[in-house]
Amino acid sequence: MTATGRWQPSENICQGESDLPADQRETDLVLLGAEDDPLRTAVDTLLLRHTQAGESVETELLTDDPLIGRRVGAYRLVREIGRGGMGAVYLGARADNEFRKQVAVKLIKRGMDSDFILRRFRRERQILASLDHPHIARLLDGGTTADGLPYFVMEHIEGQPLYRHCDARQLVIAERLRLFQLICEAVQFAHQNLVVHRDIKPSNILVTADGAPRLLDFGIAKLLQPELAADTIDVTGTALRMMTPEYASPEQVRGERAKPTSDVYSLGTVLYELLTGQRPLRLRSRAMHEIARVVCEEEPELPSASLTRADHLTLPGALTLDAIYHARGADLETLQRELAGNLDRIVLKALRKDPRQRYQSAAELREDIARHLDGRPISAPVYIPDPRATRPLPAPREQASGTTSIAILPLKLLAFPVQEDTGEKYLSVGFADALITRLSNVRSLAVRPTSSVLRYGDDTADPLAAGRELKVDFVLDGRIKRTGDRMRVSLQLLDVRQGASAWAQQFDERFTDVLSLEDAVTAQVAKVLVPRLTGEERRQLNKRGTNDPAAFEAYLRGRYHWNTFTEEGFAKALVAYHQAIALDPQYALPYAGIADYYNWLGVYGVLPPHECYRAASAAAAKAIELDRELSEGYAALGFAVLVGDYDWARGEEACRRAIELNPHNAHAHICYSLQLTMEGRFEEGLAHARRGLELDPLTPYNGHNLGWCLYFARRFDESVAQYRRVIAAHPLYPMAHYGLSWTLRLMGAREEALSEAKRWVELSNEGPLVLLLYGQALAAAGLREEAAAILDKLMGIATERYISFYLVALIHCLLGNNEKTLECLERACTEREAWLVWLAVEPAFDGLRNDPHLGPRFAALLQQTNNPAASWETRGCAANTT
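Residues numbered from 1 in each chain as written. Predicted model: local features only at pLDDT ≥ 70, side-chain atom pairs only at ≥ 80, totals over all residues. Heavy atoms only, no water.

**Let's talk about the packing of aromatic side chains**
For the structure shown, the criterion picks out 23 aromatic pairs. Consider the rings of Phe570 and Trp600, whose centres lie 4.6 Å apart with planes at 80 degrees: the pair is edge-to-face. In this pair, Phe570 sits in helix 20 (residues 567-583) while Trp600 sits in helix 21 (residues 588-603), placing the two residues 30 residues apart along the sequence. There is no split in this pair, since Phe570 and Trp600 are both buried. Relative to Tyr738, the ring of Trp708 has its centre 5.9 Å away and its plane inclined at 40 degrees; by these criteria the two rings are tilted. With Trp708 in helix 27 (residues 700-712) and Tyr738 in helix 29 (residues 734-747), the pair connects residues that are 30 residues apart, well separated along the chain. What makes Trp708 buried here is its relative accessible area of 6%. The exposure class assigned to Tyr738 is buried, which follows from its relative accessible area of 7%. Following the ring pairs from residue to residue traces out a cluster consisting of Trp708, Tyr711, Phe712, Phe716, Tyr738, Trp742, Trp760, Tyr806, Trp835, Trp838, Phe845 and Phe858. (Phe/Tyr/Trp six-rings, centres within 6.5 Å; stacked < 30°, edge-to-face > 60°. Helix = DSSP H or I, 4+ residues; strand = E, 2+ residues; numbered from the N terminus. Buried < 20%, exposed > 50% of the residue type's maximum accessible area, 1.4 Å probe, protein only.)

This is how it looks when you write it as structure tokens:
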């Protein structure tokens, strides 16, 4: 409402002049003399409904506007057609009647720095003089009114803003993409004429009735030609306020020089909104520091994953989710299927934080869209979040990416004997584990892994308290009872925040129908949490690993034993997995379990690594052969081929595929973090280590993994702090003491390092690995005789069974025996030890690699591991210490 009670449209229909999105135009209300307008959303909604129905809406003219009828240059102002932060835009007509012509006249409001605006006008006039393109609106004239107000005269475009045009005509995705290609052509033309627009946004793009877009307002554009840039101004605080932060690139927000890739970023934002009706970033306030943080640090979610989010629409209050789908001529399932894959990748490549990772021109972006429309392969890679960026903090739930989080607790057993693990107790953990695996196929669900929920399996566990500790939205809690050949399962889904039941149901099934029970439970839970499943999610959810109940039961037993995390449990799990395969040779999940088992044997040195990882690779490859969409299989394969074959490219490809198939697979993030760290890609590795810990916060290994990666990144203080957090939460977890000792010894805290090593020995079963690491702590503490005794004992063991000479080399290194160190590393290379994947980045070897005499031998060893970090290593690891 205006001060006179007349409604003024919040979005210009004709000329598109507005510097802020519809939901944040505080400037409009101030200009119109109103502090608050509760009817505004309702009116916008009505207006949008009319335009979508193809009807015209006439708004009442502000006849009390003193500027109406006034002459400006050769034109008389007819009516106001738009308003924004700089001033107002009027429809103008020739006042001398020499010929009929309508134009758009932009008047600058009082209070603006007229010198600044005039300089901006001169620059804009110079820019547009060189831009003659069918999809760029032209600047015709300009000057100053009699009372000193600067004005611009622009070509009047009879059209609608981009989004309104597309929604009113219900353009499908392919039609929107073709229209967007024309916009890219206009931007590319500007770039070829050495002009960067710097303020591409939907309100600066009008579309005529025949579907031709016109790019407006080069007011803050940047000339790249030095000879034409004399009147240009630097990015000052005023210019920064003039840009629209929702569409500004990170480098613009930081005040850095804008380049063509900055416009590509803005185009990516427009494309995201054009396809989804959602904003890619969540600006929670207009404070500049908050805008800078979000634009520079937070990552957008996949466009296909944003479609169920109702809290960040491009026109809040004016659209519902169903209206978004309808405006694109589709339903949710169809729309998600269209965006998933190519379009997700194209949009997010344009939105990369690092300009070097974006499309380097608008033409490249247009060409990839053309490839997609033609059914050809696109150039955009599978999207991996920028490691320097973060996901938005959950507000209030884990909805930064439209995700709902859930923990499925082990089922409580009723009337079962609890003293024997060989009875029916496997159903408690095994069935929960199966539900976890199945529901993890729904991309919009973040399901906590089994390792995080095991502690809540007894009758005294409070499910709501468990949900709060696990930081989830929902908890599935239940009880199971078996009587003869029948099984009764009672389940309830609890809303953690509300502290109330969201759904409850009881199932009575024959024991031989346990697969049908799994089908029913997963379908019901998914229906409550994700009412609108995509076709792909529904297919994944309905996909059984096997149709053989006996094979499924054997697999459940294997998962129960595996999750005891003991050597005996692992051995029993292996037997159960083989039983499942014998019953159903086409069952992929047991093969993935077998691959994990052999990977574990290799890590702990139970058998020679070449035997372990060869078996792990074969089992993982078989799992993938049987199920090309099995994230667990790819994660196991990635680790096995990396440490077993030093196949870095294949290892990374498998890990990335595992994450692509299931972004919530914590184990896949952990595996990938290790490889990235081994290659010296520390920031990327730490990003995935933190993501794995975030997804599975209560598994102690994940906390250890973060401390481990921090150690190799030479962030020793942070590593120590992380290990202390793990020990505080899991005081009996041996690996945390071992990792803390490993870090402390490099920091010179010898006594504490030795104390932690002794604690590691106390909590671990005695074996070669325990002796090796304890020997290193003794050597670092300067206890040479004790360390030598350990070495003698290890050499005796080596005649009978496998030991790691890489770890023996570390003892010699810490004792200062450089020649012996190299001899041991050379033997480790001959035996193709798995530990050699850390050779390029181990801080303990910094002195050796920089030794002028022994360094070449060390470099030759490194080359044998094929590690891409060889180039990193030659730059000098010591320079990266902190």
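**With respect to the environment of Leu814**
Inspection of the secondary structure assignment puts Leu814 in helix 33 (residues 805-815). Once the C-alpha coordinates of Leu814 and Ala779 are considered, the two residues, 35 residues apart in sequence, prove to be 5.5 Å apart. If sequence neighbours within four positions are ignored, Leu814 has contacts with Arg745, Gln776, Ala779 and Ala780. (Contact = heavy atoms within 4.5 Å.)

**Quick look at the confidence of the model for the chain**
Note that predicted coordinates carrying low pLDDT should not be read in detail. Residues at a pLDDT of 70 or more form 78% of the chain, whose mean pLDDT is 78. The low-confidence segment residues 225-241, where pLDDT is below 50, has 21 contacts with residues more than four positions distant or belonging to other chains. (pLDDT = per-residue confidence, 0-100.)

**Describing unusual backbone geometry**
Even without a glycine there, the phi angle at Lys471 is positive, about 55 degrees. Tracing the chain through its elements places Lys471 in the loop between helix 16 (463-470) and strand 15 (474-483). A residue is classified by how much of its surface remains accessible, and Lys471, at 67% relative accessible area, is exposed.

**As for the nonpolar core**
If you look at the biggest cluster of nonpolar residues, it comprises 166 residues, and the most contacted ones within it are Leu476, Tyr806, Leu825 and Trp838. If we skip the residues at most four places from it in the chain, Trp838 touches Leu674, Thr677, Met678, Trp708, Phe712 and Tyr806. One finds Tyr163, Tyr247, Val253 and Ile346 within the second-largest nonpolar core, a separate group that totals 56 residues. (Core = buried A, V, L, I, M, F, W, Y, C linked by side-chain atoms within 4.5 Å.)

**With respect to helix 25 (residues 666-678)**
For helix 25, spanning 13 residues, the distance from its first C-alpha to its last is 19 Å, which sits close to the expected 18 Å at 1.5 Å a residue. Of the positions making up helix 25, those classed as buried are Ala666, Ala668, His669, Ile670, Cys671, Tyr672, Ser673, Leu674, Gln675, Leu676, Thr677 and Met678. Packed against the buried residues of helix 25 are helix 23 (631-645), helix 24 (648-661), helix 26 (682-695) and helix 27. Count one or two residues on from helix 25 and you reach Gly680, which has phi positive near 80 degrees. (Expected span 1.5 Å × (residues − 1).)

**A few points about the side chain of His191**
Assignment of secondary structure puts His191 in helix 5 (residues 173-192). Contacts of His191, omitting those with residues within four sequence positions, involve Val196, Pro260 and Asp263.

**Observations regarding the pairing of strand 5 (residues 139-144)**
Where strand 5 meets strand 6 (residues 150-155), five bridges bridge the pair, whose relative direction is antiparallel. From the neighbouring strand, Gly143 faces strand 6, where its bridge partner is Tyr151. Hairpin connection between strand 5 and strand 6: a loop of five residues separates the two successive antiparallel strands, and Gly148 in this loop has a positive phi of roughly 90 degrees. (Pairing = 2+ DSSP bridges.)

**Topic: the packing of helix 8 (residues 260-276) against helix 12 (residues 342-350)**
The contact between helix 8 and helix 12 brings their axes to 7 Å, and the two run at 145 degrees. Together, Val264, Tyr265, Gly268, Leu271, Tyr272 and Leu275 of helix 8 and Leu343, Ile346, Val347 and Ala350 of helix 12 make up the contact between the two elements. Taken together, the residues of the contact of helix 8 with helix 12 break down into nine nonpolar, one polar and no charged. (Axes fitted to C-alpha atoms, helices over the stretch in contact; angles between N-to-C directions. Nonpolar A, V, L, I, M, F, W, Y, C, P; charged D, E, K, R; others polar.)

**Brief notes about the pattern of salt bridges**
Taken as a whole, this structure holds 34 salt bridges when the rule is applied. With a shortest N-O distance of 3.3 Å, Glu553 and Arg557 are connected by a salt bridge. You can see Glu553 and its partner Arg557 sitting in helix 19 (residues 549-562), four residues apart, about one turn around the helix. What makes Arg557 partly exposed here is its relative accessible area of 23%. (Salt bridge = Lys/Arg side-chain N within 4 Å of Asp/Glu carboxyl O.)

**Brief notes about a nonpolar patch on the surface**
On the surface, a nonpolar cluster with roughly 270 Å² of combined accessible area is contributed by Val603, Tyr604, Val606 and Leu607. Structurally, Val606 is set in the loop between helix 21 and helix 22 (609-626). (Patch = residues over 30% accessible without salt bridge, like charges linked within 9 Å, V, L, I, M, F, W, Y side chains within 5 Å. Areas by Shrake-Rupley, 256 points an atom, 1.4 Å probe, with all protein chains shown as cover.)

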